[in-house]
Amino acid sequence: KARGAKRRRRRSPRADPLSGFLAWCGRAGVQLSPKVRLSREGAVAGYGLLAAAELEEGEVLFSVPRSAVLSQHTSSIQALLQEAQEALQSQSGWVPLLLALLHEYTASDSPWQPYFSLWQDFRSLDHPMFWPEEERTRLLQGTGIPEAVDKDLANIHLEYSSIILPFMKAHPNIFDPKLHTLDLYKQLVAFVMAYSFQEPLEEEDEDEKGPNPPMMVPVADILNHVANHNANLEYSPQCLRMVTTQPVGKGQEIFNTYGQMANWQLLHMYGFAEPYPGNTNDTADIQMVTVRKAALQRAGGEAEQRLVSEQWDFLCQLEMVGEEGAFVLGWHEVLTEEELSVTLKVLCMSEEEFKEYKEQDGWEDDSEEEENSTLSNEALSRLKAPCKKLLYDSVLLTLESYGSDLKAEQDLLNNKEAYEKLSRREQQALHVRYGQKRILHQLLELVH
(Lines give C-alpha, C1' and ligand atoms only; values in the text may rest on other atoms or scores of the structure.)
Protein backbone atom coordinates (compact mmCIF):
# COMPACT_ATOMS: atom_id res chain seq x y z
CA LYS A 1 0.00 0.00 0.00
CA ALA A 2 2.69 2.46 1.03
CA ARG A 3 4.68 1.63 -2.08
CA GLY A 4 1.63 2.21 -4.26
CA ALA A 5 0.99 5.54 -2.59
CA LYS A 6 4.57 6.55 -3.16
CA ARG A 7 4.32 5.73 -6.85
CA ARG A 8 1.11 7.63 -7.45
CA ARG A 9 2.82 10.86 -6.57
CA ARG A 10 1.42 14.31 -7.03
CA ARG A 11 4.03 16.85 -7.96
CA SER A 12 4.32 19.47 -5.25
CA PRO A 13 3.48 22.70 -7.05
CA ARG A 14 6.88 24.35 -7.23
CA ALA A 15 6.76 28.04 -7.93
CA ASP A 16 9.65 27.85 -10.33
CA PRO A 17 10.67 24.48 -11.76
CA LEU A 18 13.65 26.18 -13.46
CA SER A 19 15.64 26.78 -10.25
CA GLY A 20 15.07 23.14 -9.20
CA PHE A 21 16.22 22.01 -12.62
CA LEU A 22 19.36 24.18 -12.54
CA ALA A 23 20.25 22.79 -9.10
CA TRP A 24 19.81 19.28 -10.54
CA CYS A 25 22.11 20.22 -13.46
CA GLY A 26 24.82 21.15 -10.97
CA ARG A 27 24.48 17.80 -9.17
CA ALA A 28 24.41 15.87 -12.45
CA GLY A 29 27.65 17.42 -13.72
CA VAL A 30 26.07 19.52 -16.46
CA GLN A 31 28.36 22.49 -17.14
CA LEU A 32 26.58 25.63 -18.27
CA SER A 33 28.58 28.56 -19.67
CA PRO A 34 28.12 31.78 -17.67
CA LYS A 35 27.45 33.48 -21.02
CA VAL A 36 24.03 31.81 -21.47
CA ARG A 37 20.82 31.66 -19.49
CA LEU A 38 17.68 29.51 -19.64
CA SER A 39 14.56 31.60 -19.72
CA ARG A 40 10.90 31.78 -20.67
CA GLU A 41 11.17 35.51 -21.40
CA GLY A 42 12.50 36.37 -24.83
CA ALA A 43 12.23 32.83 -26.22
CA VAL A 44 10.02 32.03 -29.22
CA ALA A 45 8.26 29.16 -27.47
CA GLY A 46 8.22 27.81 -23.92
CA TYR A 47 11.71 27.88 -22.46
CA GLY A 48 14.68 28.87 -24.56
CA LEU A 49 18.41 29.47 -24.27
CA LEU A 50 19.49 33.11 -24.52
CA ALA A 51 22.93 34.68 -24.87
CA ALA A 52 23.74 36.64 -21.69
CA ALA A 53 26.86 38.02 -23.41
CA GLU A 54 28.31 38.24 -26.93
CA LEU A 55 29.24 34.80 -28.26
CA GLU A 56 31.78 33.91 -30.94
CA GLU A 57 31.55 31.02 -33.36
CA GLY A 58 32.75 27.72 -31.85
CA GLU A 59 32.00 28.55 -28.20
CA VAL A 60 30.81 25.69 -25.98
CA LEU A 61 27.50 26.75 -24.41
CA PHE A 62 27.08 23.73 -22.15
CA SER A 63 28.18 20.12 -21.82
CA VAL A 64 26.06 17.23 -20.59
CA PRO A 65 27.86 14.12 -19.29
CA ARG A 66 26.58 10.82 -20.69
CA SER A 67 25.41 9.86 -17.18
CA ALA A 68 22.91 12.76 -17.14
CA VAL A 69 21.33 11.66 -20.44
CA LEU A 70 18.05 9.78 -19.88
CA SER A 71 17.95 6.66 -22.04
CA GLN A 72 17.18 2.96 -21.89
CA HIS A 73 20.82 2.52 -20.74
CA THR A 74 20.75 5.02 -17.84
CA SER A 75 17.27 4.34 -16.41
CA SER A 76 17.05 2.49 -13.09
CA ILE A 77 15.32 -0.36 -14.99
CA GLN A 78 18.07 -0.64 -17.60
CA ALA A 79 18.99 -4.23 -16.66
CA LEU A 80 15.38 -5.30 -17.12
CA LEU A 81 15.15 -3.56 -20.50
CA GLN A 82 18.44 -5.10 -21.61
CA GLU A 83 17.27 -8.57 -20.64
CA ALA A 84 13.99 -8.15 -22.56
CA GLN A 85 15.44 -6.44 -25.61
CA GLU A 86 14.30 -9.17 -28.05
CA ALA A 87 10.69 -8.90 -26.88
CA LEU A 88 10.77 -5.11 -26.99
CA GLN A 89 11.69 -4.76 -30.66
CA SER A 90 9.23 -2.67 -32.65
CA GLN A 91 8.91 -0.75 -35.87
CA SER A 92 9.82 2.55 -34.19
CA GLY A 93 12.67 1.18 -32.06
CA TRP A 94 11.48 3.52 -29.29
CA VAL A 95 9.84 1.03 -26.90
CA PRO A 96 12.77 0.59 -24.44
CA LEU A 97 13.14 4.39 -24.05
CA LEU A 98 9.37 4.79 -23.66
CA LEU A 99 9.27 2.12 -20.93
CA ALA A 100 12.16 3.88 -19.18
CA LEU A 101 10.22 7.16 -19.38
CA LEU A 102 6.96 5.58 -18.15
CA HIS A 103 8.86 4.34 -15.11
CA GLU A 104 11.02 7.39 -14.34
CA TYR A 105 8.20 9.89 -14.92
CA THR A 106 5.92 8.19 -12.38
CA ALA A 107 8.54 7.08 -9.79
CA SER A 108 8.67 9.70 -7.04
CA ASP A 109 12.26 8.80 -6.22
CA SER A 110 13.49 9.08 -9.82
CA PRO A 111 16.66 11.19 -10.10
CA TRP A 112 15.10 12.82 -13.19
CA GLN A 113 12.14 14.38 -11.35
CA PRO A 114 13.51 17.96 -11.57
CA TYR A 115 13.98 17.43 -15.33
CA PHE A 116 10.39 16.25 -15.79
CA SER A 117 8.99 19.08 -13.67
CA LEU A 118 10.26 21.49 -16.32
CA TRP A 119 7.75 19.97 -18.78
CA GLN A 120 4.78 20.51 -16.47
CA ASP A 121 2.90 17.33 -17.23
CA PHE A 122 3.46 17.79 -20.98
CA ARG A 123 0.63 20.32 -21.15
CA SER A 124 2.48 22.29 -23.80
CA LEU A 125 2.62 19.36 -26.25
CA ASP A 126 0.12 20.20 -28.96
CA HIS A 127 0.98 17.85 -31.80
CA PRO A 128 -1.76 17.28 -34.39
CA MET A 129 -2.18 13.78 -32.96
CA PHE A 130 -3.83 15.41 -29.92
CA TRP A 131 -6.25 17.48 -32.03
CA PRO A 132 -9.79 16.18 -32.52
CA GLU A 133 -9.99 14.35 -35.86
CA GLU A 134 -12.52 16.83 -37.25
CA GLU A 135 -10.18 19.77 -36.55
CA ARG A 136 -7.17 17.92 -37.91
CA THR A 137 -8.96 17.18 -41.19
CA ARG A 138 -10.42 20.67 -41.51
CA LEU A 139 -7.14 22.50 -40.91
CA LEU A 140 -4.63 20.11 -42.43
CA GLN A 141 -6.38 18.39 -45.34
CA GLY A 142 -4.00 18.15 -48.30
CA THR A 143 -0.83 18.74 -46.24
CA GLY A 144 0.01 15.05 -45.68
CA ILE A 145 -0.22 15.43 -41.88
CA PRO A 146 -3.60 13.68 -41.27
CA GLU A 147 -2.34 10.54 -43.05
CA ALA A 148 0.95 10.59 -41.08
CA VAL A 149 -0.97 10.99 -37.80
CA ASP A 150 -3.30 8.09 -38.63
CA LYS A 151 -0.25 5.86 -39.13
CA ASP A 152 1.31 7.08 -35.86
CA LEU A 153 -1.85 6.46 -33.84
CA ALA A 154 -2.24 2.98 -35.31
CA ASN A 155 1.40 2.19 -34.41
CA ILE A 156 1.05 3.64 -30.89
CA HIS A 157 -2.05 1.55 -30.18
CA LEU A 158 -0.38 -1.56 -31.60
CA GLU A 159 2.85 -1.07 -29.60
CA TYR A 160 0.98 -0.37 -26.40
CA SER A 161 -1.35 -3.37 -26.66
CA SER A 162 1.10 -5.92 -28.07
CA ILE A 163 4.41 -4.97 -26.40
CA ILE A 164 3.95 -2.51 -23.51
CA LEU A 165 0.95 -4.14 -21.77
CA PRO A 166 2.39 -7.69 -21.76
CA PHE A 167 5.70 -6.31 -20.42
CA MET A 168 3.92 -4.36 -17.66
CA LYS A 169 1.87 -7.39 -16.68
CA ALA A 170 5.07 -9.42 -16.41
CA HIS A 171 6.53 -6.80 -14.02
CA PRO A 172 3.65 -5.73 -11.73
CA ASN A 173 6.03 -4.53 -9.00
CA ILE A 174 7.28 -1.78 -11.36
CA PHE A 175 4.36 -1.08 -13.70
CA ASP A 176 0.66 -0.57 -13.23
CA PRO A 177 -1.57 -0.21 -16.34
CA LYS A 178 -3.90 2.03 -14.30
CA LEU A 179 -1.05 4.49 -13.85
CA HIS A 180 0.92 3.77 -17.03
CA THR A 181 -2.02 4.32 -19.37
CA LEU A 182 -2.30 4.53 -23.13
CA ASP A 183 -2.89 8.30 -22.78
CA LEU A 184 0.34 8.76 -20.83
CA TYR A 185 2.13 6.57 -23.39
CA LYS A 186 0.81 8.79 -26.19
CA GLN A 187 2.08 11.92 -24.40
CA LEU A 188 5.48 10.31 -23.94
CA VAL A 189 5.62 9.37 -27.65
CA ALA A 190 5.00 13.05 -28.49
CA PHE A 191 7.63 14.04 -25.90
CA VAL A 192 10.18 11.74 -27.58
CA MET A 193 9.13 13.00 -31.05
CA ALA A 194 9.63 16.61 -30.08
CA TYR A 195 12.52 16.57 -27.62
CA SER A 196 14.71 13.47 -28.04
CA PHE A 197 18.03 13.27 -29.85
CA GLN A 198 19.40 10.48 -32.01
CA GLU A 199 23.14 10.17 -32.12
CA PRO A 200 24.32 9.87 -35.73
CA LEU A 201 26.02 6.57 -36.57
CA GLU A 202 29.73 6.41 -37.31
CA GLU A 203 30.18 6.19 -41.09
CA GLU A 204 31.52 2.64 -40.96
CA ASP A 205 28.40 1.50 -39.05
CA GLU A 206 25.85 3.07 -41.38
CA ASP A 207 25.24 -0.04 -43.48
CA GLU A 208 25.41 -2.67 -40.71
CA LYS A 209 23.39 -1.12 -37.92
CA GLY A 210 19.94 0.42 -37.70
CA PRO A 211 19.81 3.98 -36.33
CA ASN A 212 20.77 4.61 -32.70
CA PRO A 213 17.79 4.60 -30.32
CA PRO A 214 16.58 8.06 -29.22
CA MET A 215 17.59 9.56 -25.86
CA MET A 216 16.57 12.57 -23.78
CA VAL A 217 19.33 15.17 -23.34
CA PRO A 218 18.53 17.65 -20.54
CA VAL A 219 19.29 21.32 -21.37
CA ALA A 220 19.90 20.48 -25.06
CA ASP A 221 16.19 19.88 -25.51
CA ILE A 222 15.36 23.38 -24.29
CA LEU A 223 16.75 24.99 -27.45
CA ASN A 224 14.16 25.93 -30.05
CA HIS A 225 14.60 25.24 -33.79
CA VAL A 226 14.87 27.45 -36.85
CA ALA A 227 16.17 26.58 -40.32
CA ASN A 228 18.77 29.35 -40.00
CA HIS A 229 20.17 28.09 -36.67
CA ASN A 230 23.22 29.29 -34.71
CA ALA A 231 24.21 26.23 -32.61
CA ASN A 232 24.71 22.50 -33.03
CA LEU A 233 25.00 19.47 -30.72
CA GLU A 234 28.34 17.62 -30.85
CA TYR A 235 28.80 14.08 -29.55
CA SER A 236 31.90 12.73 -27.81
CA PRO A 237 32.40 9.52 -25.79
CA GLN A 238 32.25 11.35 -22.43
CA CYS A 239 29.65 14.04 -23.04
CA LEU A 240 27.48 15.99 -25.46
CA ARG A 241 28.28 19.66 -26.13
CA MET A 242 26.23 22.45 -27.65
CA VAL A 243 28.50 24.67 -29.75
CA THR A 244 27.78 27.94 -31.57
CA THR A 245 28.01 27.77 -35.38
CA GLN A 246 28.08 31.57 -35.83
CA PRO A 247 28.46 34.66 -33.63
CA VAL A 248 25.43 35.45 -31.42
CA GLY A 249 24.62 38.91 -30.08
CA LYS A 250 23.86 39.53 -26.40
CA GLY A 251 20.18 38.91 -25.60
CA GLN A 252 19.58 36.86 -28.76
CA GLU A 253 18.02 33.42 -28.61
CA ILE A 254 20.22 30.42 -29.40
CA PHE A 255 18.66 27.98 -31.85
CA ASN A 256 19.53 24.38 -32.62
CA THR A 257 18.44 22.63 -35.80
CA TYR A 258 16.34 19.48 -35.82
CA GLY A 259 17.55 18.79 -39.36
CA GLN A 260 16.25 19.93 -42.73
CA MET A 261 12.56 19.83 -41.93
CA ALA A 262 9.64 20.95 -44.04
CA ASN A 263 6.85 22.74 -42.17
CA TRP A 264 4.52 19.73 -42.35
CA GLN A 265 7.22 17.61 -40.68
CA LEU A 266 7.83 20.25 -38.01
CA LEU A 267 4.13 20.45 -37.13
CA HIS A 268 3.68 16.69 -37.22
CA MET A 269 6.77 15.84 -35.12
CA TYR A 270 7.35 18.97 -33.02
CA GLY A 271 3.99 20.72 -32.84
CA PHE A 272 4.94 24.02 -34.57
CA ALA A 273 5.72 25.43 -38.01
CA GLU A 274 7.94 28.31 -39.18
CA PRO A 275 6.10 31.34 -40.58
CA TYR A 276 6.75 32.19 -44.25
CA PRO A 277 9.40 32.91 -45.52
CA GLY A 278 11.54 31.62 -42.63
CA ASN A 279 11.63 27.94 -43.52
CA THR A 280 14.07 27.65 -46.41
CA ASN A 281 13.75 23.84 -46.12
CA ASP A 282 10.02 23.83 -46.77
CA THR A 283 8.64 21.38 -49.35
CA ALA A 284 5.39 20.48 -51.09
CA ASP A 285 4.39 17.02 -52.30
CA ILE A 286 2.68 15.87 -55.46
CA GLN A 287 1.36 12.35 -54.84
CA MET A 288 2.69 10.01 -57.53
CA VAL A 289 -0.80 8.67 -58.21
CA THR A 290 -1.92 12.26 -58.93
CA VAL A 291 0.43 12.39 -61.93
CA ARG A 292 -1.06 9.09 -63.15
CA LYS A 293 -4.53 10.56 -62.70
CA ALA A 294 -3.57 13.66 -64.72
CA ALA A 295 -2.12 11.45 -67.49
CA LEU A 296 -5.28 9.31 -67.60
CA GLN A 297 -7.48 12.41 -67.75
CA ARG A 298 -5.45 13.68 -70.68
CA ALA A 299 -5.57 10.36 -72.56
CA GLY A 300 -8.26 10.33 -75.24
CA GLY A 301 -9.53 6.88 -76.15
CA GLU A 302 -9.23 3.48 -74.60
CA ALA A 303 -5.94 2.69 -76.35
CA GLU A 304 -4.28 5.81 -74.88
CA GLN A 305 -5.60 5.01 -71.41
CA ARG A 306 -4.22 1.50 -71.73
CA LEU A 307 -0.83 2.93 -72.77
CA VAL A 308 -0.76 5.15 -69.66
CA SER A 309 -1.51 2.12 -67.46
CA GLU A 310 1.29 0.13 -69.10
CA GLN A 311 3.71 3.04 -68.71
CA TRP A 312 2.77 3.36 -65.04
CA ASP A 313 3.29 -0.38 -64.44
CA PHE A 314 6.70 -0.12 -66.11
CA LEU A 315 7.62 2.84 -63.89
CA CYS A 316 6.60 0.72 -60.87
CA GLN A 317 8.95 -2.05 -62.07
CA LEU A 318 11.75 0.51 -62.38
CA GLU A 319 10.91 1.52 -58.78
CA MET A 320 10.47 5.13 -59.89
CA VAL A 321 6.91 5.30 -58.56
CA GLY A 322 4.60 3.55 -56.11
CA GLU A 323 1.01 3.88 -54.95
CA GLU A 324 2.07 5.50 -51.65
CA GLY A 325 4.95 7.66 -52.87
CA ALA A 326 5.19 11.38 -53.54
CA PHE A 327 7.34 13.69 -55.67
CA VAL A 328 8.90 16.28 -53.35
CA LEU A 329 9.37 19.89 -54.44
CA GLY A 330 11.58 22.42 -52.69
CA TRP A 331 11.76 26.19 -53.18
CA HIS A 332 14.59 25.96 -55.73
CA GLU A 333 14.50 22.46 -57.16
CA VAL A 334 12.73 19.12 -57.22
CA LEU A 335 14.17 16.92 -54.45
CA THR A 336 13.00 13.67 -56.13
CA GLU A 337 14.45 14.77 -59.44
CA GLU A 338 15.21 11.39 -61.02
CA GLU A 339 11.80 9.96 -60.15
CA LEU A 340 9.92 12.97 -61.51
CA SER A 341 11.93 13.43 -64.70
CA VAL A 342 11.73 9.73 -65.66
CA THR A 343 8.00 9.62 -64.80
CA LEU A 344 7.19 12.68 -66.92
CA LYS A 345 9.31 11.41 -69.80
CA VAL A 346 7.75 7.92 -69.82
CA LEU A 347 4.16 9.13 -69.43
CA CYS A 348 4.64 11.50 -72.37
CA MET A 349 6.01 8.84 -74.77
CA SER A 350 4.12 7.68 -77.83
CA GLU A 351 3.42 3.96 -78.16
CA GLU A 352 6.44 3.56 -80.48
CA GLU A 353 8.84 5.45 -78.19
CA PHE A 354 7.61 3.51 -75.18
CA LYS A 355 8.06 0.18 -76.95
CA GLU A 356 11.65 1.05 -77.81
CA TYR A 357 12.33 2.33 -74.28
CA LYS A 358 10.96 -0.87 -72.75
CA GLU A 359 13.15 -3.05 -74.96
CA GLN A 360 16.16 -1.28 -73.51
CA ASP A 361 14.83 -1.94 -69.98
CA GLY A 362 14.58 1.74 -69.27
CA TRP A 363 18.22 2.32 -70.20
CA GLU A 364 19.04 4.55 -73.08
CA ASP A 365 21.89 6.48 -74.54
CA ASP A 366 22.19 9.35 -72.11
CA SER A 367 24.71 11.20 -74.22
CA GLU A 368 22.10 13.50 -75.72
CA GLU A 369 20.78 14.30 -72.23
CA GLU A 370 22.54 16.70 -69.97
CA GLU A 371 24.87 15.06 -67.51
CA ASN A 372 23.48 17.27 -64.78
CA SER A 373 20.00 15.98 -64.09
CA THR A 374 19.01 18.33 -61.27
CA LEU A 375 15.52 19.57 -61.84
CA SER A 376 16.21 23.13 -60.78
CA ASN A 377 13.50 25.73 -61.33
CA GLU A 378 15.38 26.83 -64.43
CA ALA A 379 15.42 23.24 -65.80
CA LEU A 380 11.69 22.87 -65.09
CA SER A 381 10.93 25.89 -67.24
CA ARG A 382 12.79 24.18 -70.15
CA LEU A 383 10.86 20.88 -70.05
CA LYS A 384 9.23 19.80 -73.31
CA ALA A 385 5.69 21.07 -73.80
CA PRO A 386 3.83 17.77 -73.10
CA CYS A 387 5.83 17.24 -69.89
CA LYS A 388 5.07 20.80 -68.78
CA LYS A 389 1.39 20.29 -69.43
CA LEU A 390 1.31 17.01 -67.49
CA LEU A 391 3.11 18.62 -64.55
CA TYR A 392 0.82 21.67 -64.69
CA ASP A 393 -2.30 19.46 -64.60
CA SER A 394 -0.83 17.44 -61.72
CA VAL A 395 -0.21 20.61 -59.68
CA LEU A 396 -3.79 21.79 -60.30
CA LEU A 397 -5.13 18.43 -59.08
CA THR A 398 -2.87 18.68 -56.01
CA LEU A 399 -4.13 22.19 -55.18
CA GLU A 400 -7.70 20.88 -55.32
CA SER A 401 -6.94 18.53 -52.41
CA TYR A 402 -6.70 21.47 -49.96
CA GLY A 403 -9.84 22.85 -48.38
CA SER A 404 -8.91 26.50 -49.08
CA ASP A 405 -7.16 28.62 -51.69
CA LEU A 406 -3.94 30.61 -51.60
CA LYS A 407 -5.64 34.00 -51.93
CA ALA A 408 -7.71 33.55 -48.75
CA GLU A 409 -4.58 32.56 -46.82
CA GLN A 410 -2.56 35.46 -48.21
CA ASP A 411 -5.30 37.82 -46.97
CA LEU A 412 -5.28 36.25 -43.50
CA LEU A 413 -1.49 36.56 -43.20
CA ASN A 414 -1.59 40.17 -44.39
CA ASN A 415 -4.32 41.14 -41.95
CA LYS A 416 -2.63 41.22 -38.53
CA GLU A 417 -5.90 41.67 -36.66
CA ALA A 418 -7.58 38.69 -38.36
CA TYR A 419 -4.45 36.55 -37.94
CA GLU A 420 -4.27 37.24 -34.20
CA LYS A 421 -7.89 36.13 -33.77
CA LEU A 422 -6.95 32.65 -35.03
CA SER A 423 -6.29 29.89 -32.49
CA ARG A 424 -2.71 28.67 -32.17
CA ARG A 425 -3.64 25.52 -34.12
CA GLU A 426 -5.20 27.56 -36.91
CA GLN A 427 -2.06 29.70 -37.14
CA GLN A 428 0.33 26.72 -37.28
CA ALA A 429 -1.83 24.95 -39.89
CA LEU A 430 -1.97 28.15 -41.93
CA HIS A 431 1.85 28.33 -42.09
CA VAL A 432 2.02 24.71 -43.30
CA ARG A 433 -0.64 25.15 -45.99
CA TYR A 434 0.65 28.52 -47.13
CA GLY A 435 4.25 27.39 -47.66
CA GLN A 436 3.17 24.29 -49.59
CA LYS A 437 0.81 26.28 -51.83
CA ARG A 438 3.43 28.96 -52.50
CA ILE A 439 5.78 26.24 -53.77
CA LEU A 440 3.02 24.67 -55.91
CA HIS A 441 1.96 28.03 -57.37
CA GLN A 442 5.60 28.85 -58.13
CA LEU A 443 5.77 25.58 -60.09
CA LEU A 444 2.57 26.45 -62.00
CA GLU A 445 4.24 29.66 -63.20
CA LEU A 446 7.40 27.83 -64.22
CA VAL A 447 5.61 25.31 -66.41
CA HIS A 448 2.76 27.45 -67.71
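Below, the structure is looked at part by part. (Residues numbered from 1 in each chain as written. Predicted model: local features only at pLDDT ≥ 70, side-chain atom pairs only at ≥ 80, totals over all residues. Heavy atoms only, no water.)

Overview of the overall build of the chain
Looking only at helices and strands, the chain features 18 helices and twelve strands. Counting only C-alpha atoms, the chain reaches 80 × 50 × 45 Å along its principal axes. The burial tally for the chain puts 49% of its 448 residues in the buried class. The long-range share in the chain, meaning contacts at least 24 apart out of those at least 6 apart in sequence, stands at 72%. Separation of charge centres in the chain, based on 43 positive and 69 negative side chains, amounts to 13 Å. (Helix = DSSP H or I, 4+ residues; strand = E, 2+ residues; numbered from the N terminus. Buried < 20%, exposed > 50% of the residue type's maximum accessible area, 1.4 Å probe, protein only. Contact = heavy atoms within 4.5 Å. Lys, Arg positive; Asp, Glu negative; His and termini not counted. Charge placed at Lys NZ, Arg CZ, Asp CG, Glu CD.)

What about the environment of Asp121?
Structurally, Asp121 is set in the loop between helix H5 (113-117) and helix H6 (133-140). The exposure class of Asp121 is partly exposed, given its relative accessible area of 33%. When the C-alpha positions of Asp121 and Tyr105 are compared, they lie 9.4 Å apart, and in sequence the two are 16 residues distant.

A closer look at the side chain of Glu59
Summarising the element assignment, Glu59 is placed in the loop between strand S3 (48-51) and strand S4 (60-65). The class for Glu59 is buried, based on a relative accessible area of 17%. Of the polar contacts made by the side chain of Glu59, one reaches the backbone nitrogen of Glu56; its length is 2.8 Å. Residues contacting Glu59, with those up to four places away along its chain left out, are Lys35, Glu54, Met242, Val243 and Thr244. (Polar contact = N/O pair within 3.5 Å; in protein donor to acceptor, adjacent residues only side chain to side chain.)

What to know about the packing of helix H4 (residues 95-106) against helix H7 (residues 145-170)
Relative to each other, H4 and H7 sit at 55°, their axes nearing to 12 Å. Relative to H7, H4 is oriented oblique. Classified by chirality, the crossing of H7 by H4 is right-handed. Residues Val95, Leu98, Leu99 and Leu102 of H4 touch H7, and the partners they reach there are Glu159, Ile163, Ile164 and Phe167. (Axes fitted to C-alpha atoms, helices over the stretch in contact; angles between N-to-C directions. Parallel < 35°, antiparallel > 145°, perpendicular 65-115°, else oblique. Left-handed = near helix turned anticlockwise from the far one by under 90°.)

Quick word on H7
The end-to-end C-alpha separation of H7 is 36 Å, in line with the 38 Å expected for 26 residues at 1.5 Å each. At Tyr160, H7 shows its strongest bend, of approximately 40°. (Expected span 1.5 Å × (residues − 1). Bend = angle between axes of the 7 residues up to and from the residue.)

Focus: the packing of aromatic side chains
One pass over the full model with this rule turns up 19 aromatic pairs. Judged by centre distance (4.2 Å) and plane angle (45°), the rings of Trp119 and Tyr195 are tilted. Here the residue Trp119 occupies a position in the loop between H5 and H6, and Tyr195 occupies one in helix H8 (residues 182-195), the gap between them amounting to 76 residues. Tyr195 carries the same exposure label as Trp119, and that label is buried. Among the aromatic side chains, those forming a connected cluster through ring pairs are Phe21, Trp24, Tyr105, Tyr115, Phe116, Trp119, Phe122, Phe191 and Tyr195. The ring of Tyr47 has Arg40 sitting right over it, with the charged end atom 4.3 Å from the ring centre. Seen from the ring of Trp312, Arg292 lies directly overhead, with NZ or CZ sitting 4.8 Å from the centre. (Phe/Tyr/Trp six-rings, centres within 6.5 Å; stacked < 30°, edge-to-face > 60°. Lys NZ or Arg CZ within 6 Å of the ring centre and 35° of its normal.)

Here we look at the pattern of salt bridges
Per the stated rule, a full pass over the model turns up 15 salt bridges. The shortest N-O distance in the salt bridge between Lys35 and Glu59 comes to 3.1 Å. Taken together, the residues Lys35 in the loop between strand S1 (31-32) and strand S2 (36-39) and Glu59 in the loop between S3 and S4 connect sequence positions 24 residues apart. Taken together, the salt bridges that share partners define one network made up of Asp126, Glu135, Arg424 and Arg425. (Salt bridge = Lys/Arg side-chain N within 4 Å of Asp/Glu carboxyl O.)

Observations concerning empty space enclosed by the protein
Under the definition given, this model contains one cavity of 30 Å³ or more. Here the largest cavity is characterised by a volume of approximately 50 Å³. The set of elements that each furnish at least two residues to the lining of the largest cavity consists of helix H14 (377-380) and helix H18 (424-447). Here the element with the most residues in the lining of the largest cavity is H18; it accounts for four residues. Classifying every residue of the lining of the largest cavity gives six nonpolar, three polar and one charged. (1 Å grid on protein atoms, 1.4 Å probe; cavity = no way out; pocket = protein on both sides within 12 Å on 5 of 7 lines; lining within 4 Å. Points joined across faces, edges and corners; volume = space filled by probe spheres on them. Nonpolar A, V, L, I, M, F, W, Y, C, P; charged D, E, K, R; others polar.)

Comments concerning the packing of H7 against helix H9 (residues 263-270)
Any two packed helices are characterised by the angle at which their axes cross and by the distance between the axes. The contact between H7 and H9 brings their axes to 10 Å, and the two run at 35°. At the point where H7 passes H9, the crossing takes the right-handed sense. Where H7 approaches H9, its residues Ile145, Ala148, Val149 and Asp152 are matched on the opposing element by Trp264, Leu267 and His268. For the contact of H7 with H9, a count of residues per class yields five nonpolar, one polar and one charged.

A closer look at the sheet that holds S2
Read from one edge of the open sheet, four strands run S2-S3-S10-S7, paired in mixed fashion. Since the sheet does not close on itself, it has two edges, and those belong to S2 and strand S7 (224-225), each with one partner. Here S7 runs beside strand S10 (residues 253-256); their pairing, made up of two bridges, is parallel. Of the residues in S10, the one forming a bridge with His225 is Asn256. (Pairing = 2+ DSSP bridges.)

A few points about the layout of surface pockets
Considered as a void within the structure, the second largest pocket measures approximately 1,100 Å³ in volume. In terms of lining residues, the second largest pocket is bounded by 39 residues, among which Gly144, Glu147, Ala148, Lys151 and Trp264 are the most central. Only H7, H8, H9, strand S11 (284-287), helix H10 (288-298) and helix H15 (385-400) provide two or more residues apiece to the lining of the second largest pocket.

Topic: a negative patch on the surface
Residues Glu310, Asp313, Glu351, Glu352, Glu353, Glu356 and Glu359 make up a contiguous surface patch of negative charge. At the level of elements, helix H11 (302-317) and helix H13 (351-359) are the ones that each hand at least two residues to the negative patch. In terms of residue count, the dominant contributor to the negative patch is H13 (five residues). Residue placement: Glu356 occurs in helix H13. (Patch = residues over 30% accessible without salt bridge, like charges linked within 9 Å, V, L, I, M, F, W, Y side chains within 5 Å. Areas by Shrake-Rupley, 256 points an atom, 1.4 Å probe, with all protein chains shown as cover.)

Functional significance is not addressed by these values, which are geometric in nature.
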